[in-house]
Amino acid sequence: NGRVDLCELLLQYSANVDFVPPGDLEGHTALCFACANGHADCAAFLISKGAAVDQTTSHENTPLNLASMDGHLEVVRACSARVRTVAILGKFPPS
């Protein structure tokens, strides 16, 4: 539900930012859910904490794909900035 405060709390207790829930057969991370549901603040927070913007689901969708398919422009902008950095540097810069 876009709860940045809960994401922050979980990460404070060493949750894996790219965790995929066991019952999710498609491989959605928290960033995927945030992007698909238009939660720009949550997506930006997760990206700032190192969430993989290039990780694909079983249907080969990235978080950026999920945001763009549903027309979530602010989320697309947040993901695109990080994807451009990856494309230029060839890897994620240290946080």
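Residues numbered from 1 in each chain as written. Predicted model: local features only at pLDDT ≥ 70, side-chain atom pairs only at ≥ 80, totals over all residues. Heavy atoms only, no water.

A. Inspection of the layout of surface pockets at higher detail. Of the voids in this model, the largest pocket is the one considered here, and its volume is about 400 Å³. If you list the elements that add at least two residues to the lining of the largest pocket, you get α1 (4-12), α2 (30-36) and α3 (40-48). Looking at the lining of the largest pocket, the element that brings in the most residues is α1, giving four residues. For the lining of the largest pocket, the class distribution of residues is 13 nonpolar, six polar and one charged. (1 Å grid on protein atoms, 1.4 Å probe; cavity = no way out; pocket = protein on both sides within 12 Å on 5 of 7 lines; lining within 4 Å. Points joined across faces, edges and corners; volume = space filled by probe spheres on them. Helix = DSSP H or I, 4+ residues; strand = E, 2+ residues; numbered from the N terminus. Nonpolar A, V, L, I, M, F, W, Y, C, P; charged D, E, K, R; others polar.)

B. Seen up close, the packing of α1 against α3. Close contact between α1 and α3 brings their axes to 9 Å; oriented N to C, the two are set at 20°. For the element pair α1 / α3, the angle class is roughly parallel. The hand of the α1/α3 crossing is right-handed. Here Val 4, Cys 7, Glu 8 and Leu 11 of α1 lie close against α3, whose contacting residues are Asp 41, Cys 42, Phe 45 and Leu 46. In terms of residue class, the contact of α1 with α3 is made up of six nonpolar, no polar and two charged. (Axes fitted to C-alpha atoms, helices over the stretch in contact; angles between N-to-C directions. Parallel < 35°, antiparallel > 145°, perpendicular 65-115°, else oblique. Left-handed = near helix turned anticlockwise from the far one by under 90°. Contact = heavy atoms within 4.5 Å.)

C. Geometry of the pattern of salt bridges. All chains considered together, the criterion is met by two salt bridges. One salt bridge in this structure joins Arg 3 and Asp 5, with 2.8 Å as the shortest N-O distance. For Arg 77, the salt bridge identified is with Glu 74, shortest N-O distance 2.5 Å. Of this pair, Arg 77 and Glu 74 both sit in helix α5 (residues 73-89), three residues apart, which is roughly one turn of that helix. When its relative accessible area of 47% is taken as the criterion, Arg 77 is described as partly exposed. Accessibility expressed as a relative area gives 49% for Glu 74, which makes it partly exposed. (Salt bridge = Lys/Arg side-chain N within 4 Å of Asp/Glu carboxyl O. Buried < 20%, exposed > 50% of the residue type's maximum accessible area, 1.4 Å probe, protein only.)

D. Geometry of the side chain of His 28. Looking at the secondary structure, you find His 28 in the loop between α1 and α2. Residue His 28 is classed as buried on the basis of its relative accessible area of 14%. A distance of 3.1 Å separates polar atoms of two side chains, one belonging to His 28 and the other to Asp 24. (Polar contact = N/O pair within 3.5 Å; in protein donor to acceptor, adjacent residues only side chain to side chain.)

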